[in-house]
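Coordinate analysis (summary)
The chain contents come next:
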Amino acid sequence: MSFPLTERFQDFWDGLAARERNLVAAGLLVLVPLALYLYLWQPLTAERTRLAGRVAQLRGELAQLRGDSEEVKALRAQTPIRSAETLAATVRLAASRFGLAEKLGAMTPQGGDRLEVSMEGVSFDAWLRWVGELGVQGVSLNACKVEALPTAGLVRAKATLSRNAS
């Protein structure tokens, strides 16, 4: 059984002079490894490097999620803040739970069941957790102004809070 392509190649090869055959063979010796490198090896190594970086990123995310799950477990284990007599008492109890009691500044009643609270030099993450806990306790954040301080991660916050009707 003969293949037309091999026959055509054999005819082409036979039609070349010895010097031309040597040049074609040398060219193939250079081009075949170069083509293998450019079309196989280089893309595979680039993809491997990309995937290795992605694995490292995903491991970091996994570590963060594990840390977050531990924090969630700890928060769930805490006893909920009992509905305090006043909004100010609820705010103080939540602040002490997150270690923000000493950062709690002026608390000014705004009439009705509204309270304006200010904090200075508080960690932004702790402030967000505190606001989240207040939300769980039925306290809404009506307005807030958060300013970054020169120290990384610390903010000055002023918030207007109100107790939900429910």
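First things first, this report covers the structure right here in the doc. Keep in mind that what you see is a predicted model, and the values were worked out from it rather than measured.

For the protein chain, the count of helices and strands is four helices and four strands. The secondary structure elements of the protein chain, listed N-terminal to C-terminal, are α-α-α-β-β-α-β-β. With respect to the three principal axes, the spread of C-alpha positions in the protein chain is 105 × 40 × 25 Å. Looking at the protein chain as a whole, 20% of its 166 residues qualify as buried. Expressed as a percentage of contacts within the protein chain between residues at least 6 apart in sequence, the contacts between residues at least 24 apart total 49%.

This part is about the packing of aromatic side chains. Per the stated rule, a full pass over the model turns up three aromatic pairs. Ring centres 6.0 Å apart and planes at 25° place the aromatic pair Phe9 and Trp13 in the stacked group. Taken together, the positions of Phe9 and Trp13, both in helix α1 (residues 4-14) and four residues apart, correspond to about one turn of that helix.

On to the sheet that holds strand β1 (residues 104-109), then. Strand order across the open sheet formed by four strands is β1-β2-β4-β3, with antiparallel pairing between neighbours. In this open sheet, the two strands that pair with only one neighbour each are β1 and β3 (139-148). On average, each strand axis in the sheet is inclined to that of its neighbour by 15°, with strand direction left out of account. By the bridge criterion, four bridges tie β1 to strand β2 (residues 114-123) in an arrangement that is antiparallel. Each bridged residue has a counterpart across the sheet, and for Pro109 the counterpart in β2 is Leu115. Together, β1, β2, β3 and β4 (154-163) form the strand contacts of helix α3 (residues 87-97), whose direction differs from that of β1 by roughly 165°. Those strands touched by helix α4 (residues 124-136) are β1, β2, β3 and β4, and its axis lies near 155° from that of β2.

Another aspect to go through is the nonpolar core. With 22 residues, the main nonpolar core has Val91, Leu100, Trp127, Trp130 and Leu161 as its most contacted residues. Listing elements by their share of this core, those giving two or more residues are α3, β2, α4 and β4. If sequence neighbours within four positions are ignored, Trp127 has contacts with Leu100, Met119, Val122, Leu141, Cys144, Val146, Ala157 and Ala159.

All right, on to the pairing of β4 then. Looking at chain direction, β2 and β4 are connected through nine bridges and run antiparallel. Opposite Ser118, over in β4, you have Lys158 as the bridge partner. By the bridge criterion, nine bridges tie β3 to β4 in an arrangement that is antiparallel. In the sheet register, Cys144 faces β4, and the bridge partner there is Ala159. Linking β3 to β4, which pair antiparallel, is a turn of five residues; within it Gly153 sits at a positive phi near 90°.

With respect to the secondary-structure elements, Glu70 resides in helix α2 (residues 18-77). What makes Glu70 partly exposed here is its relative accessible area of 48%. The spatial distance from the C-alpha of Glu70 to the C-alpha of Ala26 is 65 Å, given a sequence separation of 44 residues.

Conventions and cut-offs
Residue positions are given per chain, counted from 1 along the sequence in the order it is written. Local features in a predicted model are, by the rule used here, given only for residues with pLDDT of at least 70; side-chain atom pairs are given and counted only at 80 or more, and totals for whole chains, interfaces and linings are based on all residues. Calculation of side-chain values draws on the structure's entire complement of heavy atoms; hydrogens and water are dropped beforehand. Starting at the N terminus, helices and strands are each numbered in turn, a helix being any DSSP run of H or I of at least four residues and a strand any DSSP run of E of at least two. The buried label applies to any residue whose accessible area, calculated with a 1.4 Å probe on protein chains only, is under 20% of its type's maximum; exposed applies above 50%, and partly exposed to all values in between. Contacts: residue pairs with any heavy atoms within 4.5 Å of one another. Here a Phe, Tyr or Trp ring, Trp counted by its six-membered ring, pairs with any other such ring whose centre lies within 6.5 Å, and the pair is stacked when the planes are under 30 degrees apart, edge-to-face when over 60, and tilted otherwise. Paired strands are those between which DSSP finds at least two bridges. Axes here refer to lines fitted to C-alpha atoms; in helices the fit is confined to the stretch in contact. Angles between the N-to-C directions go from 0 to 180 degrees. Nonpolar cores are built from buried Ala, Val, Leu, Ile, Met, Phe, Trp, Tyr and Cys residues. Side-chain atoms within 4.5 Å join them into one set.

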